[in-house]
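Chain by chain, the residues:
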Amino acid sequence: MRLVIVAISYLFAVASCSRQNVESREVTQDIMVYDDSTSITEDSIATKNNEVKYDTVIMRFENEIVAYIKDTFLIKDADSRTYNWKEIDETTRSLNDWKYSENAVYIMDEIEWEDDSGCSGDTTYISRNGIKIATCFSDRCGDMSSCKFEYYYDNGKVGYKRSVNESFGGGCGRTYVEESKYSKDGRSIYEVTCLESEHLLNDSIIADGWNETTTTYESILKRDGKEVEVRYSETSDTLYYTIEEPDSEPISKVYTNNEDGHLPDMVGEAMSYCSSAVKH
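What you are looking at is a predicted structure, and each value in this text was computed from that prediction instead of being measured.

Side chains that are nonpolar tend, in soluble globular proteins, to be buried together. Counting residues in each nonpolar core, the largest one holds 38 residues, and the members touching the most others are W85, I88, Y106, I126, F149, V228 and V230. Per-element tally for this core: the top contributor is helix α5 (residues 265-277), with six residues. Once residues within four sequence positions are removed from consideration, I88 is found in contact with Y83, Y106, I126, I133, F149 and Y151. If you look at the next biggest cluster of nonpolar residues, it comprises eight residues, including F61, V66, I111 and W113.

Okay, the state of the cysteines next. The final tally for this structure, using the stated rule, is two disulfides. The side chain of C119 participates in a disulfide bridge whose partner is C141; the two sulfur atoms lie 1.8 Å from each other. Of this pair, C119 sits in the loop between β3 (105-115) and β4 (120-128) while C141 sits in strand β5 (residues 131-141); the two residues are 22 residues apart in sequence, bridging distant segments of the chain. Given a relative accessible area of 6%, C119 falls into the buried group. Between the sulfur atoms of C194 and its disulfide partner C274 the distance amounts to 2.1 Å.

To continue, consider α5. With 13 residues, α5 extends 18 Å between its outermost C-alpha atoms, agreeing within 8% with the 18 Å of an ideal straight helix rising 1.5 Å per residue. Within α5 the residues assigned to the buried category are M266, V267, A270, M271, C274 and A277. Seen along its axis, α5 keeps its buried residues to an arc of 140°; they face one direction.

Let us now look at the confidence of the model for the chain. Across the chain, the average pLDDT comes to 78, with 74% of residues at 70 or higher. Note that pLDDT drops below 50 for residues 1-52; the model gives that stretch 87 contacts with residues more than four away or on any other chain.

This paragraph deals with the environment of E244. Along the chain, E244 turns up in strand β12 (residues 238-244). For the pair formed by E244 and E227, sequence separation is 17 residues and the distance between their alpha carbons is 5.2 Å. The residues touching E244, leaving out its near neighbours within four places in the chain, are G225, K226, E227 and P250.

Moving on: helix α4 (residues 85-96). Its twelve residues place the ends of α4 16 Å apart at the C-alpha level, agreeing with the 16 Å of an ideal helix rising 1.5 Å per residue. Within α4 the residues assigned to the buried category are W85, I88, D89, T92, R93, L95 and N96. Looking straight down α4, one finds its buried side chains confined to an arc of 160°; they lie on one side. Turned more than 90 degrees away from the buried face of α4 sit E90 and S94, all of them exposed. Looking at the residues trailing α4, positive phi occurs at D97, about 60°.

Here the focus is the pattern of salt bridges. As a working rule, side chains carrying opposite charge can pair if their charged atoms are close by. Taken as a whole and judged by the stated rule, the model has twelve salt bridges. For D79, the salt bridge is made with R81, and the minimal N-O distance between the two is 2.5 Å. By relative accessible area, which is 74% here, R81 ends up exposed. The partner of D89 in a salt bridge is R128, with the nearest N and O atoms 2.9 Å apart. Of this pair, D89 sits in helix α4 while R128 sits in strand β4, and the two are 39 residues apart along the sequence. For the pair D89 and R128, one class covers both residues: buried. Three or more residues are tied together by salt bridges with common partners; here these are D89, R93 and R128.

In this section: the packing of aromatic side chains. The way to describe two aromatic rings as a pair is by their centre distance and the angle between their planes. Following the criterion strictly, the structure yields nine aromatic pairs and no others. Centroid distance Y83 to W85: 5.5 Å. Interplanar angle 75°. Geometry classified as edge-to-face. Like W85, Y83 is buried. Consider the rings of F149 and Y151, whose centres lie 5.5 Å apart with planes at 15°: the pair is stacked. Connected via pairs of aromatic rings, a cluster forms that spans F73, Y83, W85, Y106, F149, Y151 and Y160.

Thresholds, definitions, all that
Residues numbered from 1 in each chain as written. Predicted model: local features only at pLDDT ≥ 70, side-chain atom pairs only at ≥ 80, totals over all residues. Heavy atoms only, no water. Core = buried A, V, L, I, M, F, W, Y, C linked by side-chain atoms within 4.5 Å. Buried < 20%, exposed > 50% of the residue type's maximum accessible area, 1.4 Å probe, protein only. Helix = DSSP H or I, 4+ residues; strand = E, 2+ residues; numbered from the N terminus. Contact = heavy atoms within 4.5 Å. Disulfide = S-S within 2.5 Å. Expected span 1.5 Å × (residues − 1). Arc of directions from axis to C-beta. pLDDT = per-residue confidence, 0-100. Salt bridge = Lys/Arg side-chain N within 4 Å of Asp/Glu carboxyl O. Phe/Tyr/Trp six-rings, centres within 6.5 Å; stacked < 30°, edge-to-face > 60°.

In structure tokens, the structure reads:
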């Protein structure tokens, strides 16, 4: 516990009432450091960390409140009210080809803030058995919110990123999702951008005073040097797509449901991917 107090004391020293500093500040983690040449099993680490720790320090600045939270737990005891820890564990194990262990030790260092206008957010640094595996950033203000997750390989490089930005107002909504996956040497495997935008269909008012709306979908998939962009609306049987490949002229086409033939495979992949990504 003494090390935890030291870490929190350090946060006091560097604290600032600037929102930008709060969002970008890294937390000193109270974690074990091991020699790379030493074989350490998950169970042996868990034995040394079998006490669950939960520490919170709350500080009041001129126009905001900032909380520093540190939580240490075994994955088998994880509280999923804050994060889906089972999914986080599964994702990071898949990325690094690790085996499941119910005694994997998680440490969560989180900075939460809320200002006088009601806007709030948090930054969370997550480690598993002493290795940094993920960072989560989120902001909420009025009808807008954003959330970003980054997962890392055990060499520290980003392996997977997902960000979601949502807004709502005037009876219309917008959801913007970006996902990317990278190889362990930093090479891009794929990048996907998805936009679901609800907007007014016209100026008329339908029954019960509701405005009639329609939803437009946009999907962009980049992979293996190729890029496909698709756009279509739920009120139309027409979609537009463009395919770009290295050393080739872009192919653009309007496609209707009544047209003979099939959509190119990558167009279907982009649509299918975004259909699940936006709703995930």
